[in-house]
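Each chain is listed here by its residues.
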Amino acid sequence: MFKTITATSLVATTLAGAAHAEATEIRCSHQMPPKHHIAQVIDRWADEVETLSGGSIDMQIFGANSLVGAKENIIATAKGDIECAFSIGPQWGKTLPVMNVTLTPFAFGDIEMWKDWPESKAAAFLGEQLRNKGVQNVVWLFTTNTSVFSSNDGFLLRPEDFDGVKVRGLIPAFNASLEALGAAPVSMSGSKVYEALSTGVIDAGFTDIAAAVSRKYYEVQDHFTVLPAISVYFHGYMNPRFYDGLSDDQKAALSEAGAKAATWAIEASQAAAEAAPEQLREKGAAVHIATEEEIKALEAIMRPAFDRAFGGGDPVSQTMVDLVKDLGQ
């Protein structure tokens, strides 16, 4: 059975390596704590890879940045320092901006799209781009398509509600969609939002609904608007030279396990998202689930602005925008 590795167990793992001399060891790094629902899916994926490979693969999962930090996972895998890692799209930054396509406002709100995503032309296109940048994608793990705008003294519902509001931003293209509403986005990592809200650096937060609970936004904001604004996914990838050296049976095991894990991730993520609104209410927050009319009014302004900023002048990103539009039809 695969091993989830922590820093304290690394020495024991090394000493036990001889027991797996006949198996191909794959060290796989990710940033999530053990209780995160996607971390648990990764553990299940690793177990399935070992089972389907007939024991010819020995998966070693290093969570919570215990092997490589989140910012180093991509380069460490591409260089071959480790065999495998997981990242979210925005962590590719300027290296591969097209990975941010799922931040397109309201483009991935339909969970059926995510069920189709692993076998879609859009996913295949991203896989090609990833290979060109030095990694071989092996699994897509949907994480959320349920976002919240947090605020004080009233909901952010209508486009005019955003006028002049300093709100947490993300990447430039998404910020352009917020600016189209009249907001003033301030980009920052999720770990910095709570302090920024509590000190007045920003007026409103934006995050995944489950994160709004776990990061205790309810302590500094009292209104939460729930809507399918963006989607976030983790993806697992390997060093291409290492992957190419695997047997056909081992590659088949990774492929089949990846397909199963994509489904498990959707199930786990939906469960986490469904529990969050009531958890916020239990903390005394006011929660509003955006109506279809409210969503359409925001999308009509935000999505065109995003598409112009995301695809403008970049043929790769523009191709991705077109493929996403086809996926939604």
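All residue numbers here refer to positions counted from 1 along the written sequence of the relevant chain. Totals for whole chains, interfaces and linings use every residue, but because this is a predicted model, local features are given only for residues with pLDDT of at least 70 and side-chain atom pairs only at 80 or more, for both listing and counting. As a convention, hydrogens and water are excluded, and side-chain values are obtained from all of the structure's heavy atoms.

Re the overall build of the chain
Next, step 1: Going along the chain from the N terminus, every DSSP run of H or I of four or more residues is numbered as a helix, and every run of E of two or more is numbered as a strand. Within the chain one finds 12 helices and 12 strands.
Next, step 2: Taken along the three principal axes of its C-alpha coordinates, the chain extends 65 × 45 × 30 Å.
Next, step 3: Within the chain, the proportion of its 329 residues that are buried is 54%.
Next, step 4: Note on contacts: a residue pair qualifies if any of its non-hydrogen atoms lie within 4.5 Å across the two residues. Summarising the internal contacts of the chain: among those between residues at least 6 apart in sequence, 76% fall at separations of at least 24. Each residue gets one of three labels from its accessible area relative to the maximum for its type: buried under 20%, exposed over 50%, partly exposed in between, using a 1.4 Å probe on protein chains only.

Considerations on unusual backbone geometry
Next, step 1: The backbone of Phe106 shows a phi angle near 65°, a positive value even though the residue is not glycine.
Next, step 2: Following the sequence through the fold, Phe106 ends up in the loop between strand 4 (84-88) and helix 4 (111-116).

With respect to the nonpolar core
Next, step 1: In terms of nonpolar packing, the biggest core is built from 85 residues, with Trp45, Met59, Phe86, Trp117, Leu126, Leu141 and Met320 touching the most fellow members.
Next, step 2: Among the elements that line this core, the one with the most residues is helix 2 (residues 37-52), at 7 residues.
Next, step 3: Dropping the residues within four chain positions of it, Met320 is found in contact with Val98, Val101, Trp117, Ala122, Phe125 and Leu126. We call a set of buried residues a nonpolar core when its members are Ala, Val, Leu, Ile, Met, Phe, Trp, Tyr or Cys and they connect through side-chain atoms within 4.5 Å of each other.

Quick word on empty space enclosed by the protein
Next, step 1: In this analysis a 1.4 Å probe is tested at points of a 1 Å grid over the protein atoms alone, and where it fits but cannot get out there is a cavity; an open set with protein on both sides within 12 Å along at least five of seven lines is a pocket; lining residues have an atom within 4 Å of a point. Grid points are joined across faces, edges and corners, and a volume is the space filled by probe spheres set on the points. One pass over the full model with this rule turns up 2 cavities of 30 Å³ or more.
Next, step 2: Taken as a whole, the largest cavity holds about 40 Å³ of empty space.
Next, step 3: Around the largest cavity, the lining residues are Trp114, Trp117, Pro118, Trp140, Leu141, Phe142, Ala262 and Ile266.
Next, step 4: Elements with a minimum of two residues in the lining of the largest cavity: strand 5 (136-144) and helix 10 (248-282).
Next, step 5: If you tally residues by element for the lining of the largest cavity, the top one is strand 5, at 3 residues.
Next, step 6: Throughout this entry, Asp, Glu, Lys and Arg are counted as charged residues, while Ala, Val, Leu, Ile, Met, Phe, Trp, Tyr, Cys and Pro are counted as nonpolar. The remaining residues, Gly among them, count as polar. For the lining of the largest cavity, the residue count by class is 8 nonpolar, no polar and no charged.

Comments concerning the packing of aromatic side chains
Next, step 1: For Phe, Tyr and Trp, rings pair up if their centres lie within 6.5 Å, where Trp contributes its six-membered ring, and each pair is then called stacked (planes under 30 degrees apart), edge-to-face (over 60) or tilted (otherwise). Scanning the model with the defined rule gives 13 aromatic pairs in all.
Next, step 2: Between the aromatic rings of Phe149 and Phe206, the centroid separation amounts to 4.7 Å while the plane-to-plane angle is 40°, which identifies the pairing as tilted. Taken together, the residues span a long stretch of sequence, with Phe149 in strand 6 (residues 147-151) and Phe206 in strand 9 (residues 205-208) at a distance of 57 residues.
Next, step 3: Between Phe306 and Phe310, the aromatic rings sit 5.2 Å apart at their centres with planes inclined by 20°, giving stacked as the arrangement. Here Phe306 pairs with Phe310, and both are found in helix 11 (residues 292-311), just 4 residues apart, close to one helical turn.
Next, step 4: Overall, the relative accessible area of 0% leaves Phe306 in the buried class.
Next, step 5: Taken together through their ring pairs, the aromatic side chains of Phe108, Trp114, Trp117, Trp140, Phe142 and Tyr233 make up a single cluster.
Next, step 6: The ring of Trp264 carries Arg44 above its face, with NZ or CZ at 3.8 Å from the centroid. As a reminder, the over-ring test applies to NZ of lysine and CZ of arginine, requiring each to be within 6 Å of the ring centre and within 35 degrees of the ring normal.

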